[in-house]
Amino acid sequence: VSLVVGVDIGGTKTSAGLVDASGALLAVRTLPTPATRGPEAVVETAAGLVQALAAGSPGVAAVGVGSAGAVDPGRGTIVSATGTIAGWAGTDLRGELSRRLGLPVAVDNDVHAHALGEQWRGAAAGRADVLLVAVGTGVGASVVLGGKVRHGAHSVAGHAGHLPVPAASGRPCTCGGSGHVEAVAAGPALLAEYLRRAAADGGTGGGGPGGTAGGAQGCAPGGAQGDGQGGAPGRAGCLADVARLAAAGDLVAAAVLAEGAAALGAAIGGLMNVIDPEVVVVGGGVTGCGVLWWDALRAAVRAEALPVLRAVPVEPAALGGAAALLGAARMALETVA
Ligand SMILES: [Zn+2]
């Protein structure tokens, strides 16, 4: 086998990458995901990207896909999904893609694909037992043991965002429960908490709080504008504003980031005690919040991890958006190995 294509289907964009057997990413094509137009349109978009890459490079032997939603890798179907892609749950993704492309297709969840990519060519290269945590608009994870992603009995293994932590006590979670780490550590939770505290602080007056309120005013309109234009970019920009304020000495911004990171670190430390990984890799947009966030995360991990695990490295993801493409490509290679 010389070439495969890895595909990453997310809520806002779909990417496909041409990858060789050594894990070199040779070409990438990306289109917006037609998320509101239903599964058929999303599958067509993914298939079109693969065909465009394959047309320029004959010899593509298989396709791997990392997709938003919980995926049953045995059946190649979407078991469940949030509303990000309309009607996505129940889609026979492998069947629909292999029918259009005439190639073997492997399908898994996008966080699992991220983990496989980092484990193949990134921050966990050469390690068999890996915990990957992704923290962005939500908190997800993938547990790789013996080089294999663990899916569990219902294909939902890795949902680390729904671990209970004391810092989240009483907070409603996206899953319908409460007290889960995602409710205090995900990007939207950090931003909302900063805006809440900054507004409360602004009412008390004084030099420091005045600076804080100014930061909040700079952030809120950007968020509103971003939502009007499509959501995620504006939201990320706003969290970046909080990170910039924290780096510039804003105590409220620094506290919000440190507390969110500490809650996530506690959850990660607890998971390490169960899984015993060689390395923990943390990726996603929130990891761009700076050294203050990372210091708080690592301190909380060490505080929670058993003594024998305190030296386990906690590393930033190394491959960015290429991780899911490479992980999906590795899944493709395994179908034809
Ligand atoms: Zn939850």
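Residues numbered from 1 in each chain as written. Predicted model: local features only at pLDDT ≥ 70, side-chain atom pairs only at ≥ 80, totals over all residues. Heavy atoms only, no water.

**Comments concerning unusual backbone geometry**
Leaving glycine aside, a negative phi is the common case for residues, and trans is the common case for peptide bonds. Selection criterion: A run of H or I in DSSP becomes a helix once it reaches four residues, and a run of E becomes a strand once it reaches two; helices and strands are each numbered from the N terminus. Each residue gets one of three labels from its accessible area relative to the maximum for its type: buried under 20%, exposed over 50%, partly exposed in between, using a 1.4 Å probe on protein chains only.
One non-glycine residue, Ser155, lies in positive phi territory at about 65 degrees. With respect to the secondary-structure elements, Ser155 resides in the loop between strand 10 (148–149) and helix 4 (182–185). Look at Ser155 and you get buried, because its relative accessible area is 11%. Here Asp276, not a glycine, exhibits a phi torsion of approximately 60 degrees, which is positive. Mapping Asp276 onto the fold places it in the loop between helix 8 (251–275) and strand 11 (279–283).

**Here we look at the layout of surface pockets**
What counts, and what does not: Here the term cavity refers to a set of points on a 1 Å grid, laid over the protein atoms alone, in which a 1.4 Å probe fits but cannot get out; the term pocket refers to an open set having protein on both sides within 12 Å along at least five of seven lines, with lining residues being those that place an atom within 4 Å of a point. Grid points are joined across faces, edges and corners, and a volume is the space filled by probe spheres set on the points.
Taken as a whole, the second largest pocket holds about 200 Å³ of empty space. For the second largest pocket, the lining is made up of 13 residues, of which Pro73, Asp108, His151, Met331 and Glu334 are closest to its centre. Within the residue set of the lining of the second largest pocket, elements represented by two or more residues are strand 7 (105–109), strand 10 and helix 10 (322–336).

**Some thoughts on the pattern of salt bridges**
Inclusion rule: Think of a salt bridge as a Lys or Arg side-chain nitrogen and an Asp or Glu carboxyl oxygen that are within 4 Å of each other.
Counted according to the given criterion, the structure contains 11 salt bridges. The salt bridge partner of Arg171 is Glu193, with a shortest N-O separation of 3.6 Å. Placement of Arg171 in the loop between strand 10 and helix 4 and of Glu193 in helix 5 (residues 187–202) is noted, with a sequence separation of 22 residues between them. For the salt bridge of Asp241 with Arg244, the shortest nitrogen-to-oxygen distance reads 2.3 Å. Here Asp241 pairs with Arg244, and both are found in helix 7 (residues 232–247), just three residues apart, close to one helical turn. One continuous salt-bridge network, built from bridges that share partners, spans Glu40, Glu44, Glu96, Arg99 and Arg100.

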